[in-house]
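# Fold and contact review
Below are the chains, spelled out letter by letter.
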Amino acid sequence: MRQPETTDLRRLSVGVQGMTCASCVGRVERALKNVEGVEEASVNLATEKANVTFDPQRVGVPALLTAVKERGYTPVTAQASLSVEGMTCASCVGRVERALTKTVGVLDATVNLATEKASVTYLPDAVDLGQLKATVRKAGYEVREEAAGADRADTEREAREKEGRELRLELTLAAALTLPIFLLDMVPMMIPPLGAWFHGLVPMATLYYLFFILATAVQFGPGLRFYQKGWPALRRGAPDMNSLVMLGTTAAYGYSVVATFLPGLLPAGTVYVYYEAAAMIITLILVGRYLEALAKGRTSEAIKKLLGLQAKTARVERGGQMLELPIDEVVPGDTVFVRPGEKIPVDGRVVSGSSFVDESMITGEPIPVQKGEGDEVVGGTINKTGAFRFEATKVGAETLLAQIIKMVEDAQGSKVPIQALVDRVVNYFVPVVLLIAALTFGVWMLFGPQPALTFALVNAVAVLIIACPCAMGLATPTSIMVGTGKAAEMGILFRNGAALQTLQEAKVIALDKTGTLTKGKPELTDFSVQGGFEPKEVLSLVASAEAHSEHPIAEAIVASAKAQGARLLEVQDFSATPGFGVEARVNGQLVQVGADRYMTQLGLNVALFAEEAGRLADEGKTPLYAAVGGRLAAVIAVADPIKDSTPEAVHALHKLGLRVAMITGDNRRTAVAIASALGIDEVLAEVLPGGKVDAVKDLQGEGRKVAFVGDGINDAPALAQADVGLAIGTGTDIAIEAADVVLMSGDLRGIPNALGISQATIRNIKQNLFWAFFYNTSLIPVAAGVLYPFFGVLLNPVLAAGAMAVSSVFVLSNALRLRGFRPPMRADTGTPRRAEPQVAAA
């Protein structure tokens, strides 16, 4: 055993899945021990845990997990979402993130100010949920327990309402106490004759005592919240927005108290009070906080709507009785009865009855869909006309609606890459502001006019108040919340913020043909045989062979053969070569069906059908060939109808300035015909199923960012290879899992709509960030007094508080404008242009 080289070692327990024997244990142990910085590692097969002692200065936890993964085993990780209360600015976000990421066992932590949530990825064997909550509380914030399912909507609404009530009460009290100070101090100052008359009636000393009482009530009543958060943060050496407000108002209030009760301590000519500044700063900041709370509630509207779609009860048949059960008591296999006008409670399959169901919340399509026996139904959709029974197949977190909610929440809680700049700035922002405030005070004391102390105090307080980083913290997450929420309402689901940013940077939209550009339901249109073969017999042989294939083209051939009365015969030795064709023995005869490249591979010359194949390709049909007994027997044409939405979608993408590419396994001539009809710019033809990744790489080769759109299992690698992958929601689960963006309906008009909301959201974020940075970089110097030597202009701390409140409200209001986003396909669905595509054979 190696001796520890340092006493500062950590011990970590990691769950490991996939181990089956002692050899597995040995492999995992050796993998961990070979990592630089690991002092000891022991693995237990019974508990499926690895205990590792390591030097955190030399190796991180991710490296340990990578070592386990590289040996073919899966480290056990978990994810948690914590509702964090008490965060007010970007500094708070950074503090919570740093506290969580420093916790042993935490792999990643992302905190969102707008949603007030922390998303944590951690090792459950090293740290538990209780420890994560304790970490957040130790950082100075509270953790709110989250309810599950539909109750979460009520819980979140109650929390928002409670916060709003508290802020409204504090604001009302602060305003009521501040108003007399303003009227009795500021108004006489603004109207000199009135001031002379008023001060002749009431001595200044009496006014000071009254202002002291009122300002004290504001400072330690409504203003107590700034001390409760700001002082602990300052004491820990991590000051935040509350610390700035606390220091600024305390300086103004404290100076005024000294001027009121101990004026002899102050230099001659500096005995002034600033009670009105301290009280009004607190009042104005509370105004901003209250407006923020109202706006934040509106930014989460999309999640509220989605949660509101969930039914709370279900009518279930059990033991011959109809029971009304809470939704969380429904289990797979239950028979559920739905009446007209009711929400479908969970996902399932219709077993009896029929109806029309409104699925607009999933697909965005307003026309109800007919459902009958065997059809799938989705929880949260609305039954319109008839009644039916269905078997529950997915419940709870497995339902499509629950997954959509989870996906939207993950996206809203994530960060866009542009946020990294904000995070770096905020890490140093508040300490730098404190330094600027101290320098401001010192410079005015040394070089300012008399009374220097008064000028120094006022300007230092103005710097502290104006520099609140609230707007910086809200600039990005609020836009993401509203943008992804609006997208969800349109049937577009972004998995994360990175996809939201990357999509609008795409220059090329690459579309898979079958099932994406087309309906994915090919139809047999032509069947020609050469002399010596009987058409119906060949069709029967071909259909019999294709009946064992799951390819859509095979299904089209079989369906057409059956419709023509052809008999399906006994098949032996069936095999399929992806991208080429199929081979089988039918009634003892060798039957081979496939593309021209398959025939060439078999040594058969397709030139006999050249004229026929050329005509079919020019019509946009896919020519296939059949060989019987080793002889070329027939040419077959299959056409996959183009989706009605495809031409409009391609035209809309062109209007957005994008190039459109098509990736297909069709021969070049057919591909060009389809592309020309649709106005597609580039074609990558004759691409085998395994070649789609290389096709995407080819498009990326010129440094262009590529968005790939697909729907099939074989599209998953290409979706992952593309800079951003979009999956058609009507496609397979594997394709959807591999994608960054999911279009819930099969309508391709969702692509330009997704690009539109992506562009609008990132544009909105940039506007917010510009305002937040411009506001602080321009007004901090003004608050420090740089304009005074030239123009005699100083920024009153009260105006600074007002400007600070306005900056946060501006950012939130700007983000809320995204709720009015209009999808481009609704605004313009003109005629698609025609273009000669560039052709490439892959």
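Just so it is clear, the structure is predicted and the values come from calculations on it, not from any experiment.

### Regarding the overall build of the chain
Of regular secondary structure, the chain possesses 31 helices and 31 strands. Per-residue burial over the chain gives 53% buried out of 842 residues. When contacts within the chain are restricted to residue pairs at least 6 apart in sequence, those whose partners lie at least 24 apart make up 69%. As displayed, the chain offers around 36100 Å² of accessible surface, 56% of which is attributable to carbon and sulfur atoms.

### Points about the packing of helix α15 (residues 452-466) against helix α28 (residues 750-784)
Running from amino to carboxyl end, α15 crosses α28 at an angle of 165 degrees, the nearest separation of the two axes being 8 Å. Regarding the angle of α15 to α28, the classification is roughly antiparallel. Considering the relative orientation of α15 and α28, their crossing is right-handed. Counted together, Asn459, Ala462, Val463 and Ile466 of α15 and Tyr775, Asn776, Leu779, Ile780, Ala783 and Ala784 of α28 form the full contact between these two elements. Here the residues of the contact of α15 with α28 sort into eight nonpolar, two polar and no charged.

### Focus: the side chain of Thr103
Checked against the element boundaries, Thr103 lands in the loop between α3 (90-101) and β6 (106-112). Here Ala99 takes part through its backbone oxygen, which lies 3.0 Å from a polar atom of the side chain of Thr103. Beyond its immediate stretch of four places on either side in the chain, Thr103 contacts Val127 and Thr135.

### Thoughts on the nonpolar core
Formed by 137 residues in total, the largest nonpolar core has its most connected members in Met87, Phe494, Ile509 and Ile751. Per-element accounting of this core gives the leading share, 15 residues, to α28. Filtering out sequence-adjacent residues up to four positions away, Ile509 remains in contact with Leu653, Leu658, Arg659, Val660, Ala661, Ala707, Val709, Ile751 and Leu755. By size, the runner-up hydrophobic cluster in this structure holds 26 residues, among which are Leu524, Ala545, Val582 and Val586.

### Considering empty space enclosed by the protein
Summed over all chains, the structure comprises three cavities of 30 Å³ or more. Considering the residues around the largest cavity, the lining is formed by Met241, Ile285, Gly288, Arg289, Glu292, Met804, Ala805 and Ser808. Within the residue set of the lining of the largest cavity, elements represented by two or more residues are α10 (275-299) and α30 (797-816). Sort the elements by how many residues they give to the lining of the largest cavity and α10 lands first, with four residues. Of the residues assigned to the lining of the largest cavity, the class counts are four nonpolar, two polar and two charged.

### Points about the side chain of Lys513
With respect to the helices, strands and loops of the structure, Lys513 is situated in helix α18 (residues 513-517). Once residues lying within four places of it in the same chain are set aside, the contact partners of Lys513 are Thr518, Thr622, Met662, Ile663, Thr664, Asp666 and Ile674.

### Some words on helix α8 (residues 224-235)
With 12 residues, α8 ought to run about 16 Å at 1.5 Å a step, and its terminal C-alpha atoms sit 16 Å apart, in line with that. By the burial criterion, the buried members of α8 are Phe226, Tyr227, Gly230, Pro232 and Ala233. In the segment just after α8, Gly237 is the residue with positive phi, at about 80 degrees.

### What to know about helix α24 (residues 668-678)
Buried residues of α24: Thr670, Ala671, Ile674, Ala675, Ser676 and Leu678, and no others. Residues of α24 that are buried in the fold lie against α18, α22 (610-618), β24 (622-628), α23 (646-655), β26 (659-663) and β27 (682-685). Backbone geometry just downstream of α24 places Gly679 in the positive-phi region, at approximately 80 degrees.

Basis of the calculations
- Residues numbered from 1 in each chain as written.
- Predicted model: local features only at pLDDT ≥ 70, side-chain atom pairs only at ≥ 80, totals over all residues.
- Heavy atoms only, no water.
- Helix = DSSP H or I, 4+ residues; strand = E, 2+ residues; numbered from the N terminus.
- Buried < 20%, exposed > 50% of the residue type's maximum accessible area, 1.4 Å probe, protein only.
- Contact = heavy atoms within 4.5 Å.
- Areas by Shrake-Rupley, 256 points an atom, 1.4 Å probe, with all protein chains shown as cover.
- Axes fitted to C-alpha atoms, helices over the stretch in contact; angles between N-to-C directions.
- Parallel < 35°, antiparallel > 145°, perpendicular 65-115°, else oblique.
- Left-handed = near helix turned anticlockwise from the far one by under 90°.
- Nonpolar A, V, L, I, M, F, W, Y, C, P; charged D, E, K, R; others polar.
- Polar contact = N/O pair within 3.5 Å; in protein donor to acceptor, adjacent residues only side chain to side chain.
- Core = buried A, V, L, I, M, F, W, Y, C linked by side-chain atoms within 4.5 Å.
- 1 Å grid on protein atoms, 1.4 Å probe; cavity = no way out; pocket = protein on both sides within 12 Å on 5 of 7 lines; lining within 4 Å.
- Points joined across faces, edges and corners; volume = space filled by probe spheres on them.
- Expected span 1.5 Å × (residues − 1).

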